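# Reading the structure
Take a look at the letters that make up each chain.
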Amino acid sequence: ICHGAWILADADVLRGRTLTSYPSLRTDLRNAGATWVDEEVVVDNGLVSSRTPKDLPAFNAKLVEEIAEGKHVGQTV
């Protein structure tokens, strides 16, 4: 949530991924190779992201759903 995506940018694992975050991270995430979208919650091959604490209900629901589904076909992380 919020600024957590910076860790993924530093780890260089965002190339080709789609996610959301606090809006001020948009440029950094795009520079790290991600597609940034302004949505409440985004799932990209098991990676769940949200923008702000107000998105927590949607984030939590989606995270529980993703965990229940297990690993996706083709999922690498």
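As shown above, the structure is provided for reference.
The rules we used
- Residues numbered from 1 in each chain as written.
- Predicted model: local features only at pLDDT ≥ 70, side-chain atom pairs only at ≥ 80, totals over all residues.
- Heavy atoms only, no water.
- Helix = DSSP H or I, 4+ residues; strand = E, 2+ residues; numbered from the N terminus.
- Rg over C-alpha atoms; globule rule 2.2 N^0.38 Å.
- Buried < 20%, exposed > 50% of the residue type's maximum accessible area, 1.4 Å probe, protein only.
- Contact = heavy atoms within 4.5 Å.
- Lys, Arg positive; Asp, Glu negative; His and termini not counted.
- Charge placed at Lys NZ, Arg CZ, Asp CG, Glu CD.
- Expected span 1.5 Å × (residues − 1).
- Arc of directions from axis to C-beta.
- Pairing = 2+ DSSP bridges.
- Core = buried A, V, L, I, M, F, W, Y, C linked by side-chain atoms within 4.5 Å.

Here we take up the overall build of the protein. If you tally the helices and strands in the protein, you get three helices and four strands. In the protein, the order of α-helices and β-strands from amino to carboxyl end is α-β-α-β-β-β-α. Expected size for 77 residues packed as a compact globule is a radius of gyration near 11 Å; at 12 Å, the protein falls within 12% of this value. For the protein, the C-alpha atoms occupy an extent of roughly 30 × 30 × 15 Å along the three principal directions. Across the 77 residues in the protein, those meeting the buried criterion constitute 34%. Taking the contacts inside the protein whose residues are at least 6 apart along the sequence as the reference set, 33% of them involve residues at least 24 apart. Across the protein, 8 positive and 11 negative side-chain charges occur, with their mean positions spaced 3 Å apart.

Its location among the elements puts I67 in helix 3 (residues 56–69). Here the alpha-carbon distance between I67 and G46, two residues 21 residues apart in the chain, equals 8.4 Å.

With 14 residues, helix 3 ought to run about 20 Å at 1.5 Å a step, and its terminal C-alpha atoms sit 20 Å apart, in line with that. Of the residues making up helix 3, those classed as buried are A58, F59 and E66. Down the axis, helix 3 shows its buried residues gathered within 95 degrees of arc, on one side only. In helix 3, the exposed positions that point more than 90 degrees away from the buried face belong to P57, V64, I67 and A68. Elements that come into contact with the buried residues of helix 3 comprise strand 3 (41–44) and strand 4 (47–50).

For the rest of this paragraph, the subject is the pairing of strand 4. The alternating pattern of strand 4 places L47 and S49 on one face and V48 and S50 on the opposite face, and all of these are buried. Bridge analysis of strand 3 against strand 4 gives four bridges, and the strand direction is antiparallel. When the sheet's bridge partners are listed, V42 is paired in strand 4 with S49. Counting the residues in the hairpin turn of strand 3 and strand 4 gives two residues, including N45, whose phi is positive at 50 degrees.

Counting 10 residues, the largest nonpolar core consists of A5, A9, L14, L19, L25, L29, A32, A34, W36 and L47. Dropping the residues within four chain positions of it, A9 is found in contact with L14, L29 and A32.

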